[in-house]
Amino acid sequence: MSIAIIYMAKEFNWSHNTQGLVSSSFYFGYITTQIIGGALTDKFGGKRILGIAFATRTLFTLLTPISARINIYCLILCRICLGIGEGPVYPCFLSLTSKWFPPEERTRAVTAVNVSNLIGMAIAMPISNLLGSSQFGWESIFLVFAVIGFIWSIIWHFYGESDPRDYSEISKEELDWILKSKSTICSDDNFDHYQSGFREYSTIDDEENNMLLQKDQISSRPLYIRKIPWNFILSRREVWAIMLGHFFNSWGYFILLNWLPIFYYEYFDTDINRVGYYTSLPYISYGIVGYMGGCICDYAIHQLKFHVLTVRRTANIIGTLGITISILFVSTNEIANFFASVIVMITYLAKTSFEASLIMTIGYALYSFIISSLYVSQMDIAPKYAGSIFALGNTCAMIQAFFGVALTGWILEVTNNNWNVIWCLCSLFYILETTIFFSWAGGEVIID
């Protein structure tokens, strides 16, 4: 949509306000199924929930061009329904990762999922550009990706499983390794390795959840949680670090996702056929460096024996500073000069879309380290409830996404297209994110 909307806005003569409403309407639906999707995944497994979610999003992707031709209200309703379908997807991924991967591989696993997402976006944007500029028009963008989603849904139905114990093709050695690693993560011998500097360690008693295994017991069948201790989860500062971290991080993330192509097109007067290519470069760097960052963090924790919290905090700071510096360097001379003087760096201001894309590519490469901190933290503190906690964080993120993406259109209207206001707000929220995460994040299992 971030590419297609450029073509749609030209055809339908949409203002920035209308573009903001169309883009943000997706997040209005997305927010409604975050928590319920994560809870259902933790209860019943990810296969069915993820399958239903993908089928729903595929259907409404296909219906997007039809609804746009009817009127703007049908399009907004369609985008809301698409968001409802996609809402459970990321909580499903996190819940599946906590079940399929041993603790020493989880950072790499989460970064691999996020990297795959970003690589998909990097491929999809130039393809969308080609399709939108072709004789088939912008409608073909949604048709092509709906077909891809349909094919993926079929493959997932036959080959996906919620738990490694359900998967008939897994070897006994691999299954034993996964289960044994998960059962020993909270052992006394391993506890010091996961400490965050606080001695407090909490478990859920049998009255709250009588389905949990003893720490050295390995079950031969899949374990699905019967009751999720929401009160206990919401009482922990480590969980609030994740929730507020997502809340502040998402402002910049989703504004860049939805408005960066329009920024290139309008601010630098970029050829519409090249917008997708310039937009895709930062996501390619995000994907490549993001996976490398996950490997580095896993190595630091499990081989070099750094505390988990130290690694998570460091990765978060690298990611936040990287993207903050980059977006300030594509803003005004005054802001760039001031920021550069503070950090004693060479001032550089983008004057063309290629230069801006180059700066953002470097910024996104550093930004990718946030995957190895904010996006992994729920598996450090509560692997059994990773889907539910991530759903809480992603719900907070969608609040910012919905209002931020829509508000951006309004700000551009009232400030006569002053993009510097947008980038300064993004920088402010990134700084708030890293401050809260650094102060409250945890590095040990607190809910077992």
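For the protein, the name recorded in an unreviewed UniProt entry is Major facilitator superfamily domain-containing protein, with Gigaspora rosea as its organism. Annotation of the protein in UniProt includes, under Subcellular location (unreviewed entry), the sentence "Membrane".

From N to C terminus, the protein includes 19 helices and 0 strands. The 448 residues of the protein split such that 58% are buried. For the protein, the exposed area adds up to about 19,100 Å²; of that, 64% sits on carbon and sulfur atoms.

Applying the stated criterion across every chain, the model contains 32 aromatic pairs. Arranged with centres 5.8 Å apart and planes meeting at 25 degrees, the rings of F248 and F429 form a pair that is stacked. Of this pair, F248 sits in helix 12 (residues 237-267) while F429 sits in helix 19 (residues 419-440), and the two are 181 residues apart along the sequence. Overall, the relative accessible area of 16% leaves F429 in the buried class. Taking 5.1 Å as the distance between ring centres and 70 degrees as the angle between the ring planes, the aromatic pair formed by Y283 and Y364 counts as edge-to-face. Linking Y283 in helix 13 (residues 275-302) with Y364 in helix 16 (residues 353-367), this pair joins segments that are 81 residues apart in sequence. A residue is classified by how much of its surface remains accessible, and Y364, at 0% relative accessible area, is buried. Cluster of aromatic residues (ring-pair linked, three or more members): W259, F263, Y264, Y267, F268, Y278, W419 and W423. In this structure, R57 packs its charged tip against the face of F54, placed 4.7 Å from the ring centre. The ring of F438 carries R313 above its face, with NZ or CZ at 4.6 Å from the centroid.

This brings us to the state of the cysteines. Across all of its chains, the model carries 0 disulfides by this definition. Take C74: it sits in no disulfide, and the sulfur closest to it among the cysteines is that of C78, at 8.9 Å. Free cysteine: C295, not disulfide-bonded; nearest cysteine sulfur from C297 at 9.4 Å. Its relative accessible area of 28% is what places C295 among the partly exposed residues.

As a further point, take the packing of helix 14 (residues 308-329) against helix 16. Two elements in contact, helix 14 and helix 16, have axes separated by 7 Å at closest approach and are oriented at 165 degrees. With respect to each other, helix 14 and helix 16 are oriented roughly antiparallel. For helix 14 against helix 16, the interelement crossing comes out left-handed. Residues I318, G319, G322, I323, S326, I327 and F329 of helix 14 lie in contact with helix 16, whose contacting residues are I359, M360, I362, G363, Y364, L366 and Y367. Residues that form the contact of helix 14 with helix 16 fall into these classes: 10 nonpolar, 4 polar and no charged.

Our next topic: the nonpolar core. Formed by 83 residues in total, the largest nonpolar core has its most connected members in M8, L256 and W423. Counting residues per element, this core draws most heavily on helix 12, at 13 residues. Each of domain 1 (1-185) and domain 2 (236-447) gives at least three residues to this core. Core analysis: the second largest hydrophobic core is formed by 15 residues, I228, M243, Y385 and I389 among them.

Per-residue confidence for the protein gives a mean pLDDT of 82, with 85% of residues at or over 70. Within the model, pLDDT remains below 50 along residues 185-202, and this stretch shows 46 contacts once partners closer than five positions in the same chain are excluded. Note that pLDDT drops below 50 for residues 336-348; the model gives that stretch 18 contacts with residues more than four away or on any other chain.

Under the local residue numbering, the UniProt record ascribes the feature "transmembrane region" (unreviewed entry) to residues 109-128, 140-159, 239-263, 283-301, 321-350, 356-377, 389-412 and 418-441. End C-alpha atoms of residues 239-263 are separated by 35 Å, and the span's content is 100% helix alongside 0% strand.

What follows is about unusual backbone geometry. Peptide bonds are, in most cases, trans, and in most cases residues other than glycine have a negative phi. The backbone of N13 sits at a positive phi, close to 60 degrees, despite the residue not being glycine. On the secondary structure map, N13 appears in the loop between helix 1 (4-12) and helix 2 (16-30).

It is worth spelling out the pattern of salt bridges at this point. For the coordinates displayed, the defined rule picks out 10 salt bridges. Put simply, R236 and E238 hold a salt bridge, and the shortest N to O gap is 3.3 Å. For R236, a relative accessible area of 9% corresponds to the buried category. Residue D380 pairs with R312 through a salt bridge whose shortest N-O separation is 2.7 Å. Of the two residues, D380 sits in helix 17 (residues 377-381) while R312 sits in helix 14, which places them 68 residues apart along the sequence. Judged by relative accessible area, which is 2%, R312 ranks as buried. When salt bridges with common partners are traced through the structure, they connect E11, R69 and E139 into a single cluster.

Turning to helix 16, a few remarks are in order. The periodicity of an α-helix, 3.6 residues per turn, causes residues three or four places apart in sequence to face the same way. Compared with the 21 Å implied by 1.5 Å per residue over 15 residues, the 20 Å span of helix 16 between its first and last C-alpha is a close match. Within helix 16, the full set of buried residues consists of S353, A356, S357, I359, M360, T361, G363, Y364, A365 and Y367. Tucked inside the fold, the buried residues of helix 16 contact helix 12, helix 13, helix 14 and helix 19.

Rules and cut-offs
Residues numbered from 1 in each chain as written. Predicted model: local features only at pLDDT ≥ 70, side-chain atom pairs only at ≥ 80, totals over all residues. Heavy atoms only, no water. UniProt positions renumbered as here; feature names shortened; annotations may be inferred. Helix = DSSP H or I, 4+ residues; strand = E, 2+ residues; numbered from the N terminus. Buried < 20%, exposed > 50% of the residue type's maximum accessible area, 1.4 Å probe, protein only. Areas by Shrake-Rupley, 256 points an atom, 1.4 Å probe, with all protein chains shown as cover. Phe/Tyr/Trp six-rings, centres within 6.5 Å; stacked < 30°, edge-to-face > 60°. Lys NZ or Arg CZ within 6 Å of the ring centre and 35° of its normal. Disulfide = S-S within 2.5 Å. Axes fitted to C-alpha atoms, helices over the stretch in contact; angles between N-to-C directions. Parallel < 35°, antiparallel > 145°, perpendicular 65-115°, else oblique. Left-handed = near helix turned anticlockwise from the far one by under 90°. Contact = heavy atoms within 4.5 Å. Nonpolar A, V, L, I, M, F, W, Y, C, P; charged D, E, K, R; others polar. Core = buried A, V, L, I, M, F, W, Y, C linked by side-chain atoms within 4.5 Å. Domains from an automatic or database assignment. pLDDT = per-residue confidence, 0-100. Salt bridge = Lys/Arg side-chain N within 4 Å of Asp/Glu carboxyl O. Expected span 1.5 Å × (residues − 1).

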